[in-house]
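Spelled out from the first residue to the last, the chains are:
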Amino acid sequence: MARLLLGVSGGIAAYKSLEFARLATLAGHGVRVLMTENAGRFVGAASFEGIVGAPVLVSEFERDPLRGAFPGEVGEIGHDPIGHLELAANCDAFLVAPASANTIAKLAGGFADSMLTTSFLACTAPRLLAPAMNDRMYGDAATQANLAALHDRGVEVIEPDEGPLASRGERGRGRLPDPERLLAAVEAAASWEGARPWDGLSVLVTAGGTREPIDPVRFIGNRSSGRMGIALAGAAARRGASVTLLAANVALPAPAGVRRIDVETTADLQRAAAAEFPGSQILLMAAAPADFRPAAASAAKLTREGALDLHLTPTDDILAGLVAGRTPGQTIVGFAAEHGGDAVARARAKLARKGADLIVLNDVSDPRIGFESAENEVTLVAAEDEIEVPRADKDTVAEAILERVDRLRAASPTAK
Ligand SMILES: Cc1cc2nc3c(=O)[nH]c(=O)nc-3n(C[C@H](O)[C@H](O)[C@H](O)COP(=O)(O)O)c2cc1C
């Protein structure tokens, strides 16, 4: 665990810092949040407190109820009876995101008029700034001179991204980078060694639902949104793996740093998986391939005349094919969407039949979880045990799945 201080100042992008706090907490870090008073006009302290599990501090005159401790630490640290500098003294890295033009100017001027600015001035750990603002504010000579001065004093400035800005219709450089990129920068600055336990591993993830054409405009498909696979790809990338995502009709963007290959049909997915699997150590088959396809797709759009009989033929079993060609040291995780009944027994049978190392079972009869929803609740079925992962957002469920994969690989004599 790294101890991270997150400074939040008043800008539209403050909502993205909530996601940063969530990702950093999910990755196992202890995060404390210092907000400017104006940041509170954009996002509420209660949201940060709920995410990181510790009070947010605003004023330098406030006493920290945790006396400088970070979430996950036992007991109180409490070196300094005055207390306002303890978090700065105890952190491994300090990120200000978003850094408003106003807060950047204050930091460049050495102001100490809030908990954020006071702590920044007193912090000897690596300090990072992620400016986010309108591109004209960013490009102004004053902002640029302030950033240059901070950079010269050893502060790492994370350049904003270019793209659509909050002001309607405007584009330019000023967007806060993705929370994943911010976290990677902070972890690198904090020299957090445990940050990339999957460094050197290649992970192949499949996501979404395949489509089997009936004619050029119609298809047989399913309701898989690809969210679970995207969450897994993001979690593997955060562990430092090199991740390839085979995305079957996924409308959502891939996580930062993930290589994406789009596919449409089960046959496309099978071809891409066969090409990518030999170079991967871990396969996470979260996609829902169609089990049947029309025996013959019409080359021309079918017209609405009379009844239409579709003859369906089974598609190839992708997972079984990959398992048959596996080499020692590869870990294979299959997914089973079951509809009620004795789902665990059926998942266990699938584990044995397919020869996978783990089956992630979800019950698609519950509309609150699984397909198209943001949450999931799964049972992890392995040869030696079954673990129930309670209902949670898909990122949290993805972390639980990868932790189980870690344990499977630790117990495997061939996994490296
Ligand atoms: C709707 C709205 C959006 C704003 N967005 C930004 C922004 O993205 N970046 C920025 O530097 N300032 C932005 N500002 C201006 C800052 O909120 C303002 O300069 C404030 O004094 C910053 O206070 P702080 O740096 O103490 O948090 C915005 C103001 C408003 C009213």
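All of these numbers come straight from a predicted model, not from anything done at the bench.

**Notes on the site of the ligand**
If you check the shell around the ligand, you find 14 residues, and the closest are Gly-10, Thr-36, Ser-100, Ala-101 and Thr-103. A distance of 2.8 Å is found between an oxygen atom of the ligand and a backbone nitrogen or oxygen belonging to Ala-101. Coverage of the ligand by the protein chains reaches 64% of its 640 Å² of free accessible surface. With three residues, helix α4 (residues 101-109) is the single largest residue contributor to the shell around the ligand.

**Digging into a nonpolar patch on the surface**
A cluster of nonpolar side chains, Phe-292, Leu-308, Leu-310 and Leu-312, forms an exposed patch at the surface whose accessible area comes to about 370 Å². Along the chain, Leu-310 turns up in the loop between β14 (292-294) and β15 (312-314).

**Here's the deal with the sheet that holds strand β4 (residues 127-131)**
The sheet built from five strands is open, its strands ordered β2-β1-β3-β4-β5 with parallel pairing. Of all the strands in the sheet, just β2 (30-35) and β5 (156-157) have a single pairing partner and so form its edges. Pairing analysis gives two bridges linking β4 to β5, with the strands arranged parallel. Following the sheet pairing, Leu-128 is matched in β5 by Glu-156. Strands β1 (3-8) and β2 of the sheet are contacted by helix α2 (residues 45-52), whose axis makes an angle of about 170° with β2. Packed on one face of the sheet, helix α5 (residues 115-122) meets β1, β2, β3 (93-99) and β4 and runs near 140° to β3.

**Focus on the sheet that holds strand β11 (residues 242-248)**
What the eight strands build is an open sheet, ordered β12-β11-β8-β13-β16-β17-β18-β19; its pairing is mixed. The open sheet terminates on both sides in strands that have one partner only, identified here as β12 (259-263) and β19 (386-393). Adjacent strand axes in the sheet meet at a mean angle of 20°, parallel and antiparallel pairs treated alike. Where strand β13 (residues 282-285) lies against strand β16 (residues 331-338), three bridges are found, and the strand directions are parallel. Looking across to β16, one finds that Leu-284 is bridged to Val-333. Sheet contacts for helix α9 (residues 227-238): β8 (202-208), β11, β13, β16 and β18 (375-382); angle to β8, the most-contacted strand, approximately 160°.

**Topic: α9**
Taking 1.5 Å per residue as the helical rise, α9 with its 12 residues ought to reach 16 Å, and the 16 Å between its terminal C-alpha atoms agrees with that figure. In terms of residue burial, α9 counts as a mostly covered element, since 11 of its 12 residues are buried. All of the buried residues in α9 are Met-228, Gly-229, Ile-230, Ala-231, Leu-232, Ala-233, Gly-234, Ala-235, Ala-236, Ala-237 and Arg-238.

**Observations regarding the side chain of Ser-114**
Checked against the element boundaries, Ser-114 lands in the loop between α4 and α5. Residue class for Ser-114 comes out buried when judged on its relative accessible area of 10%. At a separation of 3.3 Å, a polar atom in the side chain of Ser-114 contacts the main-chain amide nitrogen of Leu-116.

**Section: the domain arrangement of the protein chain**
Per the domain assignment, the segments of the protein chain are domain 1 (3-195) and domain 2 (202-299 + 310-411). A straight line from the C-alpha centre of domain 1 to that of domain 2 covers 36 Å. Contact residues are listed per partner, giving eight residues for domain 1 and eight residues for domain 2. Taken together, both faces of the contact between domain 1 and domain 2 bury some 630 Å²; the carbon and sulfur share is 54%. Counting across the interface, domain 1 meets domain 2 through two salt bridges. Note that Arg-22 and Asp-395 form a salt bridge whose closest N and O atoms lie 2.4 Å from each other. Counting across the interface, domain 1 meets domain 2 through two residue pairs in polar contact (both at pLDDT 80 or more). Elements that contribute at least two residues to the side of domain 1 that touches domain 2 include exactly α1 (14-26) and α8 (179-189).

**Some details on the nonpolar core**
If you look at the biggest cluster of nonpolar residues, it comprises 37 residues, and the most contacted ones within it are Trp-198, Val-203, Leu-232, Val-243 and Leu-284. For this core, the leading source of residues is α9, giving eight residues. Contact partners of Leu-232, with chain neighbours within four places excluded, come to Val-205, Leu-284, Ala-286, Phe-335, Ala-398, Ile-401 and Leu-402. Counting residues in each nonpolar core, the second largest holds 34 residues, with Ala-24, Val-33, Leu-128 and Ala-185 among its members.

How each quantity is defined
Residues numbered from 1 in each chain as written. Predicted model: local features only at pLDDT ≥ 70, side-chain atom pairs only at ≥ 80, totals over all residues. Heavy atoms only, no water. Near = heavy atom within 4 Å. Polar contact = N/O pair within 3.5 Å; in protein donor to acceptor, adjacent residues only side chain to side chain. Areas by Shrake-Rupley, 256 points an atom, 1.4 Å probe, with all protein chains shown as cover. Helix = DSSP H or I, 4+ residues; strand = E, 2+ residues; numbered from the N terminus. Patch = residues over 30% accessible without salt bridge, like charges linked within 9 Å, V, L, I, M, F, W, Y side chains within 5 Å. Salt bridge = Lys/Arg side-chain N within 4 Å of Asp/Glu carboxyl O. Pairing = 2+ DSSP bridges. Contact = heavy atoms within 4.5 Å. Axes fitted to C-alpha atoms, helices over the stretch in contact; angles between N-to-C directions. Expected span 1.5 Å × (residues − 1). Buried < 20%, exposed > 50% of the residue type's maximum accessible area, 1.4 Å probe, protein only. Domains from an automatic or database assignment. Buried area = accessible area lost by both parts, 1.4 Å probe. Core = buried A, V, L, I, M, F, W, Y, C linked by side-chain atoms within 4.5 Å.

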